[in-house]
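Descriptive analysis of the structure
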Amino acid sequence: MDLPMIDEWVTASSRADLTGLSASDAVVAGGTWLFSQPQPNLRRLVDLAGLGWPDLTIADSGLEIAATCTIERLVTQRYPAAWRAAPLFAQCARALLASSKIWRSATVGGNLCLGLPAGAMISLCVALDGMAVIWRADGSEYVCAVSDFVRDIGITRLDSGDVLRAIRLPASALTAETAMRKVAYAPLGRSGALVIGRRGATGLHVSVTAATRRPLVVEAPDVSGVMAAVTLLPDNEFHTDAHGRADWRRAVTTRLAAEVMGELVS
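Because the structure is predicted, anything quoted here is derived from the model rather than measured. (Residues numbered from 1 in each chain as written. Predicted model: local features only at pLDDT ≥ 70, side-chain atom pairs only at ≥ 80, totals over all residues. Heavy atoms only, no water.)

**Focus: helix α8 (residues 223-231)**
Among all positions in α8, only Val226, Met227 and Val230 are buried. Relative to the axis of α8, the buried residues are bounded by an arc of 95° and lie together on one face. Looking at the buried side of α8, the elements it contacts are β13 (203-209), β14 (216-220) and α9 (246-265). (Buried < 20%, exposed > 50% of the residue type's maximum accessible area, 1.4 Å probe, protein only. Helix = DSSP H or I, 4+ residues; strand = E, 2+ residues; numbered from the N terminus. Arc of directions from axis to C-beta. Contact = heavy atoms within 4.5 Å.)

What follows is the structure in structure tokens.
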């Protein structure tokens, strides 16, 4: 979609170009959502592509994903054989139900910054203990768990002028065994609930997204502990929209969690 109200397009080449961002400015990574609908309150776009951030940085400590890394790049990269969780990248990407054209443009960071319940890159990063690296407007840097980054539907921890720089996934999560389940009203519908489980040295880790207003994480030493915790998730965390009622989302979340646990401990 054309955005005729935009007066200026700036390609950032350094962090200094990101200072002074206001409510009438928007940073552009892939732009797939930005250009999908009118943006009447915006007057200036600041393109992050000129910053030249490496898409993916593989290290012994884990993986750093630039906010500007496309979903296609994340999925097609070859990863260390020890990273048993790497298949989740493609599994979560497919949960977006987006075309290959979207994969080539949409970015991991953009998906996180939208803060939508069905944001499959949010699901991925929460499941793998992702940490969000945020460049604050005052020039400082702040790191928080992705599970805390998304606070509610469409609401994140980004304040005015802040920019998401990267997401870091630790090797301890990437080397763990994982399982994923999702459900939607229709075979090609938006995710109504998405549950990812991970089995590590200290127990079981389960993330619940799409069904809830924000990502929820459950950790327990055994299956019974996980299922008890999932059953006790607050009703007000589940939401209703055109893609699912809250009571249905709660019910299917419990079922998906049971299936994920069955796969991980079989």
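**A short note on the sheet that holds strand β11 (residues 177-183)**
Spatial strand order, β11-β12-β13-β14: 4 strands in an open sheet with antiparallel pairing. One side of each edge strand has no neighbouring strand; the edge strands of this open sheet are β11 and β14. Sheet twist, expressed as the mean angle between neighbouring strand axes with direction ignored, is 15°. Looking at chain direction, β11 and strand β12 (residues 193-200) are connected through 7 bridges and run antiparallel. Bridge pairing links arginine 181 to valine 195 in β12. Helix α2 (residues 87-95) rests against β11 and β12 of the sheet, and its axis sits at about 10° to β11. Across the face of the sheet, α9 comes into contact with β11, β12 and β13 while running at roughly 150° to β11. (Pairing = 2+ DSSP bridges. Axes fitted to C-alpha atoms, helices over the stretch in contact; angles between N-to-C directions.)

**Remarks on the sheet that holds strand β5 (residues 62-66)**
Sheet architecture is open: 5 strands sit in the order β4-β5-β10-β6-β7, paired in antiparallel fashion. Two strands in the sheet have a free side with no partner beyond their single neighbour: β4 (56-59) and β7 (141-145). Along the sheet, successive strands turn relative to each other by an average axial angle of 20°, direction set aside. One ladder, built from 4 bridges, connects β4 with β5; its direction is antiparallel. The residue bridging alanine 59 from the neighbouring strand is glycine 62, located in β5.

**Looking at the pattern of salt bridges**
Under the defined criterion, the tally for this structure stands at 15 salt bridges. Between glutamate 177 and arginine 199 there is a salt bridge, and its shortest N-O distance comes to 2.6 Å. Of this pair, glutamate 177 sits in strand β11 while arginine 199 sits in strand β12, placing them 22 residues apart in sequence. When the shortest N-O distance is used, the salt bridge between arginine 245 and aspartate 247 registers 3.2 Å. What emerges from the salt-bridge pattern is a single network uniting Arg181, Arg255, Glu259 and Glu263. (Salt bridge = Lys/Arg side-chain N within 4 Å of Asp/Glu carboxyl O.)

**Regarding the packing of α8 against α9**
When two helices pack together, you describe them by how their axes are tilted relative to each other and by the distance separating the axes. One way to put it is that α8 packs onto α9 with a least axis distance of 10 Å and a crossing angle of 170°. In terms of orientation, α8 lies roughly antiparallel with respect to α9. At the point where α8 passes α9, the crossing takes the right-handed sense. On α9, the residues touching Val223, Val226, Met227, Val230 and Thr231 of α8 are Arg250, Thr253, Thr254, Ala257, Ala258, Met261 and Val265. Residues of the contact of α8 with α9, tallied by class, amount to 8 nonpolar, 3 polar and 1 charged. (Parallel < 35°, antiparallel > 145°, perpendicular 65-115°, else oblique. Left-handed = near helix turned anticlockwise from the far one by under 90°. Nonpolar A, V, L, I, M, F, W, Y, C, P; charged D, E, K, R; others polar.)

**Looking at the domain arrangement of the chain**
Where the parts come together, the accessible area they lose is often given as the size of the interface. Under the domain assignment used here, the chain contains domain 1 (8-48), domain 2 (55-173) and domain 3 (177-265). For domain 1 and domain 2, the distance between their C-alpha centroids amounts to 19 Å. With 9 residues of domain 1 at the interface, the matching set in domain 2 holds 13 residues. Taken together, both faces of the contact between domain 1 and domain 2 bury some 980 Å²; the carbon and sulfur share is 71%. The three residues of domain 1 that bury the most area against domain 2 are Arg15, Leu21 and Thr32, which together make up 50% of that side's buried surface. On the surface where domain 1 and domain 2 come into contact, there are 0 salt bridges. At the boundary of domain 1 and domain 2, one finds 3 residue pairs in polar contact (both at pLDDT 80 or more). Residue classes in the side of domain 1 that touches domain 2 are distributed as 6 nonpolar, 2 polar and 1 charged. (Domains from an automatic or database assignment. Buried area = accessible area lost by both parts, 1.4 Å probe. Polar contact = N/O pair within 3.5 Å; in protein donor to acceptor, adjacent residues only side chain to side chain.)

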